[in-house]
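So you can see what is in the structure, the chains are spelled out below.
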Amino acid sequence: MIKKFEKIRSVNGELKLLGDKSLSHRSIMFAAMADGESVIRNCSDSEDVSSTMNCFEKLGCRFEKNNDAIKVTGRGFKGFIKADTELYAGNSGTTARLISGVLAAQNFKSVITGDESLSNRPMMRIVEPLKFMGADISVNESGKMPITINPSLSLKPVEYRLKVASAQVKSAMLLCALHMEDESIIIEPEATRNHTEKLLGLKTEKTESVTRIYVSKKNYPEPFEITVPSDISSASFFIVLAALSVNSDITIRSVSLNETRTGALTVLKNMGARIEIGNLHLEKGEETGDLRIFSSKLKNVEIPHSIIPNIIDEIPILSVAGVFADGNFKITGAKELRVKESDRINSLVVNFKAAGLSVKEFEDGFELSGSPANIHTTFESFGDHRIAMAFSVMSMLLECGGSVKNFESVAVSNPGFYNQVLALSNF
Ligand code: S3P
């Protein structure tokens, strides 16, 4: 579906978003692993989180939806049952990679598959460390799906230094280590999102150069209740839209403000965005608060490499902000973008060129200069939800508007995106 957007005049009002996708995946998984009933409120309604629920349903869990709450009946320690088909993770890297850590410790064989995009993403990054823990896990000769996991009698606790700055790889190892009596230590040189650690209450030690995370069976999840804070990555599209539209003022309630996720707020504030944070509180150890964003005048700033893992999902929308800010937008040190739902460096470069900008592409980033042309541009989403939403926002900021192909991919993280736009915007 091609979605056409006119230039908007302003955005105003209050936005309530559903739960953060990373936190929702983990809440569903930990509830599924626990022995008994858990309750998850404000869970993400994204296709990705549905993929996680579908997989755990096949492994014997029950999910009952009741208004805003999902009651999960979990299976307890090593209590999952063998799925009668392959486990389909759809578009979701988090589902495929995290569930691999859980399945590596079960007493039955599992096969995990995904859609075309996921089937082209690298899986050796989890296979190698899980094998190091003694797991019997394999992928095809190109290091891609399907992932085949057989029961292993030789799982052993490890001390392991992560080779990729990836919360999915870290979490796969932590989830596998939860099934062992003795303690494993996972060493993280570059900080990535720490929701797994926080929700499971894992002991962590931070030195100047690394974080050490301690995990064993004593951290195995028990039934719990949670109201999932709203998704800061979904919020970032509206934050940029409001900051770059005149006469705008929006409030987004109960947003996840975990320090490993707020890098985009830091970058936007450094660029001059007027963002106020209020009503700070904790939800199961996760920082949560309200955001208020006003029309702002932005200028481009240097984006340090150390912040890249923190802003990895927000780079598409930050680069759109950069188009309308003074000076040139430049990002480097972001090679991981090449292995996301699409090759996001290529997806961004193609679309910015289509809009008439001058673009220098690097292996690990790109630089933008010039101004968008005065034409209605049709953007490619490459079937990638964050590219679709970033160029929807760009379209609403362009004089002649713009259109986005395969717009429906937004449902991978935020099926309500278009209705939320309509509710806030004055066209
Ligand atoms: C996620 C980790 C990140 C992120 C993804 C969600 C998670 O991926 O890009 O959207 O929930 O753990 P990587 O671990 O590949 O960096």
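Whatever comes next refers back to the structure up there.
Residues numbered from 1 in each chain as written. Predicted model: local features only at pLDDT ≥ 70, side-chain atom pairs only at ≥ 80, totals over all residues. Heavy atoms only, no water.

J.: Is there a simple way to explain the overall build of the protein chain in this structure?
T.: Scanning the protein chain from N- to C-terminus turns up 13 helices and 23 strands. Taking 2.2 N^0.38 as the reference for a compact globule, 427 residues should give roughly 22 Å; the C-alpha atoms of the protein chain span a radius of gyration of 21 Å, in line with that estimate. With the C-alpha coordinates aligned to their principal axes, the bounding extent of the protein chain is approximately 65 × 45 × 45 Å. Here the protein chain holds 427 residues, and the buried ones make up 61% of them. When contacts within the protein chain are restricted to residue pairs at least 6 apart in sequence, long-range pairs at least 24 apart make up 75% of them. Summing over all exposed atoms, the protein chain offers an accessible surface of approximately 16,300 Å²; the carbon and sulfur share of this is 47%. Put simply, the protein chain has 49 plus and 52 minus side-chain charges, and the middle of one group is 1 Å from the middle of the other. (Helix = DSSP H or I, 4+ residues; strand = E, 2+ residues; numbered from the N terminus. Rg over C-alpha atoms; globule rule 2.2 N^0.38 Å. Buried < 20%, exposed > 50% of the residue type's maximum accessible area, 1.4 Å probe, protein only. Contact = heavy atoms within 4.5 Å. Areas by Shrake-Rupley, 256 points an atom, 1.4 Å probe, with all protein chains shown as cover. Lys, Arg positive; Asp, Glu negative; His and termini not counted. Charge placed at Lys NZ, Arg CZ, Asp CG, Glu CD.)

J.: Is there a simple way to explain the sheet that holds strand 7 (residues 110-113) in this structure?
T.: Hydrogen bonds between backbone groups are what pair the strands of a sheet, and the pairing can be parallel or antiparallel. Pairing is mixed in the open sheet, where four strands are placed in the order 6-7-9-8. Since the sheet does not close on itself, it has two edges, and those belong to strand 6 (87-88) and strand 8 (136-138), each with one partner. With three bridges connecting them, strand 7 and strand 9 (residues 147-150) associate as antiparallel partners. Looking at strand 9, one finds that Ile 112 is bridged to Ile 147. (Pairing = 2+ DSSP bridges.)

J.: Sorry, what's going on with the site of the ligand here?
T.: Taken together, Ser 22, Arg 26, Thr 94, Ser 166, Ala 167, Gln 168, Arg 193, Ile 312, Asp 313, Lys 340 and Arg 386 form the complete shell of residues around the ligand. Within the side chain of Ser 166, an N or O atom sits 2.6 Å from an oxygen atom of the ligand. The separation between an oxygen atom of the ligand and a polar main-chain atom of Ala 167 is 3.0 Å. Contact with the protein chains hides 94% of the accessible area of the ligand, taken as 390 Å² for the molecule alone. For the shell around the ligand, the elements supplying multiple residues, two or more each, are helix 1 (21-33) and helix 5 (167-177). Looking at the shell around the ligand residue by residue, the classes come out as two nonpolar, four polar and five charged. Formed jointly, the shell around the ligand draws a minimum of three residues from each of two domains, domain 1 (3-19 + 229-426) and domain 2 (21-215). (Near = heavy atom within 4 Å. Polar contact = N/O pair within 3.5 Å; in protein donor to acceptor, adjacent residues only side chain to side chain. Nonpolar A, V, L, I, M, F, W, Y, C, P; charged D, E, K, R; others polar. Domains from an automatic or database assignment.)

J.: Just checking my understanding: could you explain the packing of aromatic side chains for this structure?
T.: Geometrically, a pair of aromatic rings is defined through the distance of the ring centres and the angle of the planes. Taken as a whole, this structure holds 13 aromatic pairs when the rule is applied. With a centroid separation of 5.1 Å and 75° between ring planes, the pair formed by Phe 77 and Tyr 220 is classed as edge-to-face. On the criterion of sequence distance, the pair formed by Phe 77 in the loop between strand 5 (69-73) and strand 6 and Tyr 220 in the loop between strand 13 (211-215) and strand 14 (225-227) is long-range, its members being 143 residues apart. Among the residues examined, Phe 77 registers a relative accessible area of 33% and is labelled partly exposed. Given the relative accessible area of 13%, Tyr 220 is considered buried. (Phe/Tyr/Trp six-rings, centres within 6.5 Å; stacked < 30°, edge-to-face > 60°.)

J.: Whenever I open this one, the environment of Asp 48 confuses me. Can you help?
T.: On the secondary structure map, Asp 48 appears in helix 2 (residues 47-58). We classify Asp 48 as buried; its relative accessible area is 2%. Each C-alpha atom, one on Asp 48 and one on Val 412, is 5.5 Å from the other, the two residues being 364 residues apart in sequence. Not counting residues within four places of it along the chain, the set of residues in contact with Asp 48 comprises Lys 21, His 25, Asn 91, Ser 92, Thr 95 and Val 412.

J.: Sorry if this is basic, but what is going on with the nonpolar core here?
T.: When a protein is soluble and globular, its nonpolar side chains tend to lie buried together. Membership of the largest hydrophobic core comes to 71 residues, with the highest contact counts inside it found for Ile 252, Ile 311, Phe 352, Phe 366 and Met 394. Look past the residues within four positions of Ile 311 in its chain and what remains in contact with it is Gly 263, Ala 264, Val 267, Ile 303, Leu 318 and Ile 331. Counting residues in hydrophobic clusters, the runner-up holds 64 residues, among them Phe 56, Val 139, Leu 162 and Leu 175. (Core = buried A, V, L, I, M, F, W, Y, C linked by side-chain atoms within 4.5 Å.)

J.: Can you walk me through the packing of helix 1 against helix 2 in this structure?
T.: Any two packed helices are characterised by the angle at which their axes cross and by the distance between the axes. Packing of helix 1 against helix 2 brings their axes to within 9 Å, and their N-to-C directions diverge by 10°. As judged from the angle between their axes, helix 1 and helix 2 are roughly parallel. Here Lys 21, Ser 24, His 25, Ile 28, Met 29 and Ala 32 of helix 1 lie close against helix 2, whose contacting residues are Asp 48, Val 49, Thr 52, Met 53 and Phe 56. In terms of residue class, the contact of helix 1 with helix 2 is made up of six nonpolar, three polar and two charged. (Axes fitted to C-alpha atoms, helices over the stretch in contact; angles between N-to-C directions. Parallel < 35°, antiparallel > 145°, perpendicular 65-115°, else oblique.)

J.: Please clarify how the pattern of salt bridges should be interpreted in this entry.
T.: Close approach of charged atoms allows side chains with opposite charge to pair. What the rule picks out here adds up to 29 salt bridges. Among the ionic pairs, Arg 386 bridges to Asp 313, the shortest N-O distance being 3.5 Å. Of this pair, Arg 386 sits in helix 12 (residues 385-397) while Asp 313 is found in the loop between helix 9 (308-311) and helix 10 (315-323), placing the two residues 73 residues apart along the sequence. Asp 313 shares its class with Arg 386; the two are buried. When salt bridges with common partners are traced through the structure, they connect Glu 37, Arg 62, Glu 64 and Lys 71 into a single cluster. (Salt bridge = Lys/Arg side-chain N within 4 Å of Asp/Glu carboxyl O.)

J.: I tried to follow the side chain of Ser 24 on my own but got confused; where do I start?
T.: Structurally, Ser 24 is set in helix 1. At 2.8 Å, the side chain of Ser 24 and the backbone oxygen of Asp 20 are in polar contact. Aside from chain neighbours lying at most four places away, what touches Ser 24 is Gly 19, Cys 43, Ser 44, Val 49 and Val 228.

J.: Quick question: what am I supposed to make of the side chain of Arg 97 here?
T.: On the secondary structure map, Arg 97 appears in helix 3 (residues 93-103). There is a polar contact of 2.7 Å between the side chain of Arg 97 and the backbone oxygen of Pro 122.

J.: Explain the sheet that holds strand 20 (residues 365-369) here, please?
T.: Taking strand neighbours across the sheet as the criterion, the three strands line up as 18-20-19 in an open arrangement whose pairing is antiparallel. This sheet does not close on itself; its edge strands, each paired only once, are strand 18 (329-331) and strand 19 (358-362). Adjacent strand axes in the sheet meet at a mean angle of 10° when their direction is disregarded. Pairing of strand 19 with strand 20 involves five bridges; the strand directions are antiparallel.

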